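# Survey of secondary and tertiary structure
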Amino acid sequence: MFGTESSLSMFLNTLTPKFYVALTGTSSLISGLILIFEWWYFRKYGTSFIEQVSVSHLRPLLGGVDSSSPSNSNTSNGEADSNRQSVSECKVWRNPLNLFRGAEYNRYTWVTGREPLTYYDMNLSAQDHQTFFTCDSDHLRPADAIMQKAWRERNPQARISAAHEALELEDCATAYILLAEEEATTIMEAERLFKQALKAGEGCYRRSQQLQHHGTQYEAQHRRDTNVLVYIKRRLAMCSRKLGRTREAVKMMRDLMKEFPLLSMFNIHENLLESLLELQNYADVQAVLAKYDDISLPKSATICYTAALLKARAVSDKFSPEVASRRGLSTAEMNAVEAIHRAVEFNPHVPKYLLEMKSLILPPEHILKRGDSEAIAYAFFHLQHWKRVEGALNLLHCTWEGTFRMIPYPLEKGHLFYPYPICTETADRELLPMFHEVSVYPKKELPFFILFTAGLCSFTAMLALLTHQFPELMGVFAKAFLSTLFAPLNFIMEKVESILPSSLWHQLTRI
């Protein structure tokens, strides 16, 4: 026993200050690398790598409950309904106000050198085009067969070349659509191509309409031709809106909604709302909201925030937080505040963009309802309408944060809507470009292991610096620390040695 103590003491005395500097410096380096990796992983995926590995791999090995075990299969109906709602809320939707690739997105790339669209977003658009603009009978028409391949092409130049090849065979509406979306460098050029597409699309629509009842093949052709015609007319209306012919755009949208009332997948009413707000025709805006802001219909940021804007418009010009705090809110002011709270609960990311607390980027071609992508798409087009209403942004600034005091926390239950889905951050990171900082709600706290590795890195770096500057003093401290650390062990060993017979202890030490 005494030989072990003497050898340990001799070992500690032979350690030089350089050893302590190397030890603490290496520890600081390793913990720093772990900290950098943990921080990068948290920023990219929103969770701690160490925690994820612990939960996914170590807990089952240590006898934890496996989430896929049969014992957990019998969940309650409420939890199942909540999960189904979460999945449906995280569905990605086509942006009703999406920009033109050639005339707007590509121009941004030429000026800034940045890509505003992600591969995931463009891949979703390619799938939409194949769904809306193709059918099983396309091989019967050579131009449609070429366009069916063109929509699957990843290379933009290959798609444009295929569209020109299709037009050499015949007037093909979908070929004109592709050229208007991707090759046209101005809105006027895109409008000209869409007018040519309209002429070709109307002819195909009339022919397929007469033959739609002759079989499933003709019915599929008519469905495709209907989608093509609605898309062209909607984009023509958007061209008119962008070129300043707003009244003409409103008329085209109204006619389109009357002609095809069942095609709600394009959400043309959101285009109509934005155009009516530009005309400051608030009575018609209210009429559209009365039809679409219904409990049985899916909500959107456009619906909720436009309703809040109309109610805020009635009181915002005379609203003063000081006066309201003294006399209380009037009925109209209370209605406006409740409408703002309702909108913020639906999408809590929008106010920071409307109040210009966060910078805007070009909206993606697809959005996630209640997510950051939807907030960007809404604020990009509607910020000007909020600025036009005097005092509306001031009322929003004074009241929007009060929403979070009404929502239960943690967010197992919503107040006016379903609980906020937990999948929005992951989907928004796929939809939005890398240079944009994705807004996250609720704000996630830093994981324990990031804080732990940060503290460990700082502590070991400080020890390394002190050891390098004061080697003798730190050597004394290190020896004293190790002696104190081993003191309880030495005490236990002495007690064991005093209790056990010396012969038995001798045999144990030999073993």
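Described in the following lines is the structure provided in the data block. (Residues numbered from 1 in each chain as written. Predicted model: local features only at pLDDT ≥ 70, side-chain atom pairs only at ≥ 80, totals over all residues. Heavy atoms only, no water.)

Turning next to the overall build of the protein. Helix and strand counts for the protein stand at 24 helices and two strands. When burial is assessed residue by residue, the protein has 43% of its 511 residues classed as buried. Long-range pairs, those at least 24 residues apart, make up 71% of the contacts in the protein between residues at least 6 apart in sequence. Taken as a whole, the protein presents about 28500 Å² of accessible surface, with 59% of it coming from carbon and sulfur. (Helix = DSSP H or I, 4+ residues; strand = E, 2+ residues; numbered from the N terminus. Buried < 20%, exposed > 50% of the residue type's maximum accessible area, 1.4 Å probe, protein only. Contact = heavy atoms within 4.5 Å. Areas by Shrake-Rupley, 256 points an atom, 1.4 Å probe, with all protein chains shown as cover.)

Time to look at the packing of aromatic side chains. The final tally for this structure, using the stated rule, is seven aromatic pairs. Cluster of aromatic residues (ring-pair linked, three or more members): Phe132, Phe133, Trp151 and Tyr231. Here the guanidinium or amino end of Lys91 rests over the ring plane of Trp93, the centre of that ring lying 4.4 Å away. The aromatic ring of Phe435 is capped on one face by Arg114, whose charged end is 4.4 Å from the ring centroid. (Phe/Tyr/Trp six-rings, centres within 6.5 Å; stacked < 30°, edge-to-face > 60°. Lys NZ or Arg CZ within 6 Å of the ring centre and 35° of its normal.)

This part is about the nonpolar core. Generally speaking, soluble globular proteins have nonpolar side chains that are buried together. Counting residues in each nonpolar core, the largest one holds 92 residues, and the members touching the most others are Met147, Ile177, Phe194, Ile232, Tyr305, Leu354 and Trp386. In this view, Ile232 contacts Ala173, Ile177, Phe194, Ala197 and Leu198; residues no more than four positions away in its chain are not counted. In terms of nonpolar packing, the next biggest core, distinct from the first, is built from six residues, Tyr105, Leu117, Leu362 and Phe381 among them. (Core = buried A, V, L, I, M, F, W, Y, C linked by side-chain atoms within 4.5 Å.)

Moving on: the packing of helix α13 (residues 268-278) against helix α15 (residues 301-313). Look at α13 against α15: their axes get within 11 Å of each other, and the N-to-C directions meet at 25 degrees. By the angle between their directions, the pair α13 and α15 is classed as roughly parallel. α13 and α15 meet at a crossing whose hand is left-handed. Residues His269, Glu270, Leu273 and Leu277 of α13 touch α15, and the partners they reach there are Thr302, Ile303, Thr306 and Leu309. Classifying every residue of the contact of α13 with α15 by side-chain character gives four nonpolar, three polar and one charged. (Axes fitted to C-alpha atoms, helices over the stretch in contact; angles between N-to-C directions. Parallel < 35°, antiparallel > 145°, perpendicular 65-115°, else oblique. Left-handed = near helix turned anticlockwise from the far one by under 90°. Nonpolar A, V, L, I, M, F, W, Y, C, P; charged D, E, K, R; others polar.)

With that out of the way, let us pick up unusual backbone geometry. Unlike most non-glycine residues, Glu356 shows phi in positive territory, near 55 degrees. Relative to the helices and strands, Glu356 resides in the loop between α18 (350-354) and β2 (366-368). A relative accessible area of 51% means that Glu356 is categorised as exposed. The backbone of Arg370 sits at a positive phi, close to 75 degrees, despite the residue not being glycine.

Moving on: a nonpolar patch on the surface. On the surface, Phe459, Met462, Leu466, Phe470, Leu473 and Phe477 cluster together into a nonpolar patch covering about 590 Å² of accessible area. Looking at the nonpolar patch, the elements with two or more residues in it are α22 (448-469) and α23 (471-499). In terms of residue count, α22 provides more of the nonpolar patch than any other element does, three residues in total. Tracing the backbone shows Leu473 in helix α23. (Patch = residues over 30% accessible without salt bridge, like charges linked within 9 Å, V, L, I, M, F, W, Y side chains within 5 Å. Salt bridge = Lys/Arg side-chain N within 4 Å of Asp/Glu carboxyl O.)

Moving on, we get to α13. The buried count for α13 comes to ten of eleven residues, which makes it a mostly enclosed element. Buried within α13 are the following residues: Ile268, His269, Glu270, Asn271, Leu272, Leu273, Glu274, Ser275, Leu276 and Leu277. Gln280, located one to two residues past α13, shows a positive phi value of around 60 degrees.

Going through the model one piece at a time under the given rule, you end up with 20 salt bridges. The partner of Asp144 in a salt bridge is Arg224, with the nearest N and O atoms 3.6 Å apart. In this pair, Asp144 is assigned in helix α7 (residues 142-150) and Arg224 in helix α11 (residues 216-242), connecting sequence segments 80 residues apart. Residue Asp144 is classed as buried on the basis of its relative accessible area of 9%. Taking the relative accessible area as the measure of exposure, Arg224 reaches 4% and is therefore buried. Here the salt bridges do not stand alone but share partners, grouping Arg101, Arg159, Glu182 and Glu365 into one network.

Attention now goes to the side chain of His366. Examined against the element boundaries, His366 turns out to sit in strand β2. Filtering out sequence-adjacent residues up to four positions away, His366 remains in contact with Val92, Trp93, Arg94, Asn95, Asp121, Leu124, Ser125, Asp128, Ser373 and Leu431.

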